[in-house]
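If you want the building blocks of each chain, they are given just below.
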Amino acid sequence: MSNKLNGKVALVTGASSGIGEATALALAEEGASVCIVARREDRLQSLAERIRGMGSKVLVIPADLSDQAQAKGAVERTVAELGRLDILVNNAGIMLLGPAAEASLEDWKSMININLMAVLYVTHAALPTFRAQGAGHIVMVSSVSGRFTSPTSNVYSVTKFGVNAFAESLRQEFSAKHKIRVSVIEPGVVATELTDHLTHQATRETYVANTSKWERLESQDIAAAILYAVTQPPRVNVNEILIRPTDQG
Ligand code: NDP
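Just so it is clear, the model here is predicted, and its values are computed rather than measured. (Residues numbered from 1 in each chain as written. Predicted model: local features only at pLDDT ≥ 70, side-chain atom pairs only at ≥ 80, totals over all residues. Heavy atoms only, no water.)

Quick notes on a negative patch on the surface
On the surface, a cluster of negative charge is made up of Glu215, Glu218, Asp221 and Asp247. The residue Glu218 is located in the loop between α6 (201-211) and α7 (219-230) in this model. With a relative accessible area of 47%, Glu218 lands in the partly exposed category. (Patch = residues over 30% accessible without salt bridge, like charges linked within 9 Å, V, L, I, M, F, W, Y side chains within 5 Å. Areas by Shrake-Rupley, 256 points an atom, 1.4 Å probe, with all protein chains shown as cover. Salt bridge = Lys/Arg side-chain N within 4 Å of Asp/Glu carboxyl O. Lys, Arg positive; Asp, Glu negative; His and termini not counted. Charge placed at Lys NZ, Arg CZ, Asp CG, Glu CD. Helix = DSSP H or I, 4+ residues; strand = E, 2+ residues; numbered from the N terminus. Buried < 20%, exposed > 50% of the residue type's maximum accessible area, 1.4 Å probe, protein only.)

Encoded structure:
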């Protein structure tokens with residue numbers, strides 16, 4: 001531990017697996033107190049034990065962030081119980097790819113609700129604290145699909161392009177005036193549970209077959225990019241990091 005984040009408080013959404021879990025660990029390892037949020041409480045509790053074992057403070061909040069009240073409540077509890085909020089990592093998300101004509105509208109709604117609406121709810125709830133502190137850092141875990149779209153990525157891309165647009169607008173509104181930094185992280189393929197939830201079987205099989213030929217990124221690679229962004233001096237606002245596996249041509 002080099003304690004670059006000693007005294008800082010971070011909230012990580014979607015911390016029960018994958019990139020969020022690795023990010024919570026990386027921030028805690030640098031001394032941050034971390035609030036970890038997701039729906040699967042058992043997974044959060046085992047992560048919390050690991051974080052406590054590193055000597056960092058942790059707050060577990062089981063919540064469905066697509067519900068506005070739960071999203072707002074997670075931010076409010078973090079500030080109330082950990083004393084402040086310095087870093088918000090908007091990471092929770094799902095990727096339900098598939099051909100548009102055959103898509104389930106429920107899948108589309110779920111992606112918009114968690115990938116986009118939850119980001120808006122949580123960020124909106126955090127802004128008053130960041131403004132009062134005169135500092136804060138919002139990290140968006142977007143995607144390569146937030147920069148480039150492709151067949152079957154349709155609504156997933158809608159959500160990630162939306163996150164990128166929201167982030168850029170926030171940066172313009174709050175960076176110079178309120179010293180709130182905004183960083184967008186855009187991973188390519190990372191080996192996580194993300195594809196397990198794909199409901200369109202043929203798309204899932206093709207995706208897995210194509211990407212399993214590559215050495216995919218690991219969650220820790222993305223956590224390292226986030227850690228880089230949030231440990232720069234206050235004058236540095238890392239706006240965007242696009243990161244692909246070397247094998248992803
Ligand atoms: P995982 O499936 O491992 O993690 C997704 C996380 O989101 C889980 O912790 C899950 O927790 C949480 N989550 C999902 N729905 C909700 C909800 N309604 N409320 C609260 N939490 C929720 O996948 P990744 O780690 O890969 O995904 C993290 C982010 O990275 C996503 O935004 C994804 O779009 C992005 N990304 C991933 C890439 C990849 O190739 N893996 C590439 C580019 C971007 P729980 O189910 O317990 O609620």
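Past the structure itself, the notes keep going.
Observations concerning the site of the ligand
Neighbouring residues of the ligand: 28 residues in total, closest Arg39, Asn91, Tyr156, Val190 and Thr192. Interatomic distance of 2.8 Å between a side-chain N/O atom of Asp64 and a nitrogen atom of the ligand. Note that an oxygen atom of the ligand is positioned 2.7 Å from one of the backbone N or O atoms of Asn91. Broken down by secondary-structure element, the contributors of at least two residues to the shell around the ligand are α1 (18-29) and α5 (154-178). Taken together, the residues that form the shell around the ligand break down as 13 nonpolar, 10 polar and 5 charged. (Near = heavy atom within 4 Å. Polar contact = N/O pair within 3.5 Å; in protein donor to acceptor, adjacent residues only side chain to side chain. Nonpolar A, V, L, I, M, F, W, Y, C, P; charged D, E, K, R; others polar.)

Overview of the nonpolar core
Core analysis: the biggest nonpolar cluster contains 41 residues, and Val37, Leu65, Ile138 and Met140 have the highest contact counts within it. Listing elements by their share of this core, those giving two or more residues are β1 (9-13), β2 (33-38), β3 (58-62), α3 (68-82), α4 (105-133), β5 (136-141), α5 and β6 (180-187). Of all the elements, α4 adds the most residues to this core, at 10 residues. Counting 38 residues, the second-largest nonpolar core is a separate cluster that includes Val12, Ala22, Ala26 and Val190. (Core = buried A, V, L, I, M, F, W, Y, C linked by side-chain atoms within 4.5 Å.)

Some points on α3
Taking 1.5 Å as the rise per residue, α3 with 15 residues should run 21 Å; its terminal C-alpha atoms sit 21 Å apart, in good agreement. Of all the positions in α3, only Ala71, Ala74, Val75, Thr78 and Leu82 are classed as buried. For α3, the angular spread of buried residues about the axis comes to 90°, placing them on one side. Opposite the buried face of α3, at more than 90 degrees from it, the exposed residues are Gln68, Ala69 and Ala80. Where α3 is buried, its residues contact β1, β2, β3 and α4. (Expected span 1.5 Å × (residues − 1). Arc of directions from axis to C-beta. Contact = heavy atoms within 4.5 Å.)

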